[in-house]
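Read off the chains here:
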Amino acid sequence: MAAVVEKAAPGRETRQPAAAPPPVWNRRRREALAAYAFVAPDLLGLLVFVGLPMALAIGVSLFSVDGFGGYTYVGLDNFRLMAEDAQLWQSVKVTATYMVTFVPLGFVVSLGLALLVRDHFPGVGLVRTLFFLPHVISLVVVGVVWQFLLVDKQGAVPALLRPLGLGDVSFLGSPGLALGALVAISIWFLMGYQMLILLGGLKDIPREYEEAAQVDGANSWQRFRHIVWPLLRPTSFFVLVNSTVGAVTGLQAFDLVYVLTKGGPVNSTSTVVFYIYQQAFAYNNYGYAAALTTAVVAFLVVATGIMFGATRGGRFDVG
């Protein structure tokens, strides 16, 4: 049968059908669509529960709110008021002290626990569970329990310290000890969570590196310093950033303070987030509280960006 050849009319060009996209491009497109589908719920939640409240806080910070629905535009007056607020700067000092104490001590304790339960031994699963168990308890319950344990002269801790002559020490009523008690309880609460994150980082380090160094005569400290620590830096960076943000705006910076001390004694444990709570819900100063919240979020964004830039995302390499 003779082939039929279709001829184009004079003056008209024959259009060739478009070539089908290569299979690799189709696969990449499907993978990209799948990735967007998985990210979409989190992105939507981030916009609704984080982005929208932040935008509303910025808007409210430009008004003076009397607590009865009255809004008066004041521009940047709420931000100018921060420079003259002595109680705010006292709260900033308390938060800074809490942060520079809790973050490094919590990291060292968590890393020590991760190294302790890194290798398999009988009952290692139970030990890991016991270390992580405090983190699954509500912080309100944690605060109530520790308040019962530390209550002056009648708590379990003063009773245990009484033979040492420390039974009359007021852990929550002394300005010099209340913040230290808050730091200790925060470390106890979060050490299991940070331990699991660091343990995951330790498990990703091939043991062959340490075994080869051990054959070459390196001791335990040398293996940790030159092999484990450099390879654990990205995980350590995540833990440090996460605990730093948590020390400023985390639940332990408010829930424990609210339950244990209410910011006392004499504002020695009044953190920035607790002070914002007081301005909003105790004094009905919502505009000033929104301005404080905006300033804190801006500080954390800048500080986190600087940390990422200085360490190149936790890699700490200079090359």
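Keep in mind the model is a prediction, meaning the values are calculated, not measured.

Draft legend 1. Spotlight on the overall build of the protein. Along the backbone of the protein there are 12 helices and two strands. Listing the helices and strands of the protein from first to last along the sequence gives α-β-β-α-α-α-α-α-α-α-α-α-α-α. Pairs at least 24 apart in sequence give 67% of the contacts found in the protein among residues at least 6 apart. For the protein, the accessible surface area stands at approximately 19700 Å², while carbon and sulfur atoms represent 67% of it.

Draft legend 2. Looking closely at a nonpolar patch on the surface. A surface patch of nonpolar side chains, amounting to about 1000 Å² of accessible area, comprises Phe38, Val39, Leu43, Leu44, Leu46, Leu47, Val48, Phe49, Val50 and Met54. For Val39, the position within the fold is in helix H1 (residues 23-60).

Draft legend 3. Looking closely at the pattern of salt bridges. Tallying each qualifying case throughout the model produces five salt bridges. With a shortest N-O distance of 2.6 Å, Arg80 and Asp77 are connected by a salt bridge. Placement of the pair is Arg80 and Asp77 together in helix H2 (residues 77-82), with a separation of three residues, close to one helical turn. Here Asp77 falls in the partly exposed class, since its relative accessible area comes to 40%. Notably, a salt bridge pairs Glu210 with Arg207, separated by 3.7 Å at the nearest N-O pair. Here Arg207 and Glu210 lie together in helix H8 (residues 207-215), a separation of three residues that amounts to about one turn. For Glu210, a relative accessible area of 10% gives the class buried. The class of Arg207 is partly exposed, set by a relative accessible area of 36%.

Draft legend 4. Seen up close, the layout of surface pockets. When its volume is computed, the largest pocket comes out at roughly 350 Å³. If you trace the largest pocket, you find 13 residues lining it, with Val92, Val272, Ala295, Val296 and Phe299 closest to the centre. Those elements that place two or more of their residues in the lining of the largest pocket are helix H3 (86-116) and helix H12 (286-311). Counting residues per element, the lining of the largest pocket draws most heavily on H3, which supplies six residues.

Draft legend 5. A look at H12. For H12, spanning 26 residues, the distance from its first C-alpha to its last is 37 Å, which sits close to the expected 38 Å at 1.5 Å a residue. Of the positions making up H12, those classed as buried are Gly287, Tyr288, Ala289, Ala290, Ala291, Leu292, Thr294, Val296, Leu300, Thr304 and Thr311. Immediately downstream of H12, the backbone of Arg312 shows phi near 55°, a positive value.

Draft legend 6. Examining the confidence of the model for the protein more closely. On average, residues of the protein score 84 in pLDDT, and 90% of them are at 70 or above. Mean pLDDT across the elements of the protein ranges from a minimum in helix H6 (residues 156-161), with 82, to a maximum in H3, with 93.

Draft legend 7. Spatial organisation of the packing of helix H4 (residues 124-132) against helix H7 (residues 175-203). For the pair H4 and H7, the least separation of the axes is 7 Å and the interaxial angle reads 135°. Between H4 and H7, the interaxial angle falls into the category oblique. Contacts between H4 and H7 involve Arg128, Phe131 and Phe132 from the first element and Met191, Gly192, Tyr193, Met195, Leu196, Leu199 and Lys203 from the second. Tallied by class, residues from the contact of H4 with H7 come to seven nonpolar, one polar and two charged.

Draft legend 8. Structural detail: the packing of helix H9 (residues 220-249) against H12. Running from N to C, H9 and H12 cross one another at 165°; their axes reach a closest spacing of 11 Å. The angle between H9 and H12 places the two elements in the roughly antiparallel class. Note that H9 runs across H12; the crossing there is right-handed. Across the interface between the two elements, Phe237, Val241, Val245, Val248 and Thr249 of H9 pack against Val296, Leu300, Thr304, Met307, Phe308 and Thr311 of H12. A per-class count over the contact of H9 with H12 returns eight nonpolar, three polar and no charged.

Rules and cut-offs
- Residues numbered from 1 in each chain as written.
- Predicted model: local features only at pLDDT ≥ 70, side-chain atom pairs only at ≥ 80, totals over all residues.
- Heavy atoms only, no water.
- Helix = DSSP H or I, 4+ residues; strand = E, 2+ residues; numbered from the N terminus.
- Contact = heavy atoms within 4.5 Å.
- Areas by Shrake-Rupley, 256 points an atom, 1.4 Å probe, with all protein chains shown as cover.
- Patch = residues over 30% accessible without salt bridge, like charges linked within 9 Å, V, L, I, M, F, W, Y side chains within 5 Å.
- Salt bridge = Lys/Arg side-chain N within 4 Å of Asp/Glu carboxyl O.
- Buried < 20%, exposed > 50% of the residue type's maximum accessible area, 1.4 Å probe, protein only.
- 1 Å grid on protein atoms, 1.4 Å probe; cavity = no way out; pocket = protein on both sides within 12 Å on 5 of 7 lines; lining within 4 Å.
- Points joined across faces, edges and corners; volume = space filled by probe spheres on them.
- Expected span 1.5 Å × (residues − 1).
- pLDDT = per-residue confidence, 0-100.
- Axes fitted to C-alpha atoms, helices over the stretch in contact; angles between N-to-C directions.
- Parallel < 35°, antiparallel > 145°, perpendicular 65-115°, else oblique.
- Nonpolar A, V, L, I, M, F, W, Y, C, P; charged D, E, K, R; others polar.
- Left-handed = near helix turned anticlockwise from the far one by under 90°.

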